[in-house]
Amino acid sequence: MDIDWVCKHHSDLSKEQLYAILKLRAEVFVVEQNCAYPDVDGLDLEGDTCHLMAWQGNHLVAYLRLLDPHSQNSDVVIGRVVIAPQARGQGLGHKLMERALKQAEKRWPGTSISLSAQAHLQGYYGRYGFGVVGVEYMEDGIPHIGMHRP
């Protein structure tokens, strides 16, 4: 599997890349996970938001969003972590997270990172130094937990 990894500031995204991002997020978060929620939340084009993408040919197969600490008034925030259904089971999630942590350190050295994880993924994020913060809560009908990496 030949993967092309790209991390772009929101101002450098092409309309085709932005369309592919929004399409993949809708396919997984809205349709597959059956969550009717406002995915287009105004943060994709905010501040120094960056978009980490994995492309296989013309297909976006993995993605996540890095919200800059200045616009969040806190940590770097990782969100919208998604693997395309046809690309699952190939270790892309681990490669995606490794690259995300490298990008965060490159762009915002020494800054803590936070994320909101689906509760069943605590162990996955724990492998990357994230610890649970707070208590489990429901978001769009799915149990979530806050996690932080110093």
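Values in this document were obtained by computation on a predicted structure and should not be read as measured data.

1. Some remarks on the overall build of the protein chain
Of regular secondary structure, the protein chain possesses 4 helices and 7 strands. Element order for the protein chain, N to C, with α for helix and β for strand: β-α-β-β-α-β-α-β-α-β-β. In terms of C-alpha radius of gyration, the protein chain reaches 15 Å, essentially the compact-globule figure of 15 Å for 150 residues. Along the first, second and third principal axes, the C-alpha set of the protein chain runs to 40 × 35 × 30 Å. Split into buried and exposed, the 150 residues of the protein chain put 45% on the buried side. A separation threshold of at least 6 residues defines the contact pool for the protein chain, and within that pool the share at least 24 residues apart is 59%.

2. Structural notes on helix 3 (residues 92–107)
Each α-helix turn comprises 3.6 residues. Residues three or four places apart therefore point the same way. Helix length check: helix 3 (16 residues) gives 22 Å between terminal C-alpha atoms against 22 Å at 1.5 Å per residue, within 8%. Within helix 3 the residues assigned to the buried category are Leu92, Leu96, Met97, Ala100, Leu101, Gln103 and Ala104. Axial view of helix 3: buried residues confined to an arc of 170°, hence all on one face. The exposed set on the far side of helix 3, more than 90 degrees from its buried face, consists of Lys102 and Lys106.

3. Topic: the UniProt feature "domain: N-acetyltransferase" (unreviewed entry) in the protein chain
UniProt records the feature "domain: N-acetyltransferase" (unreviewed entry) at residues 8–150, using the numbering of this structure. The straight-line gap between the two end C-alpha atoms of residues 8–150 is 24 Å; of that span, 30% is helix and 34% is strand.

4. Re unusual backbone geometry
Located in the positive-phi region is Arg80, a residue other than glycine, with phi close to 55°. By secondary structure assignment, the location of Arg80 is in strand 4 (residues 76–83). Residue Arg80 is classed as buried on the basis of its relative accessible area of 18%.

Parameters and conventions
Residues numbered from 1 in each chain as written. Predicted model: local features only at pLDDT ≥ 70, side-chain atom pairs only at ≥ 80, totals over all residues. Heavy atoms only, no water. Helix = DSSP H or I, 4+ residues; strand = E, 2+ residues; numbered from the N terminus. Rg over C-alpha atoms; globule rule 2.2 N^0.38 Å. Buried < 20%, exposed > 50% of the residue type's maximum accessible area, 1.4 Å probe, protein only. Contact = heavy atoms within 4.5 Å. Expected span 1.5 Å × (residues − 1). Arc of directions from axis to C-beta. UniProt positions renumbered as here; feature names shortened; annotations may be inferred.

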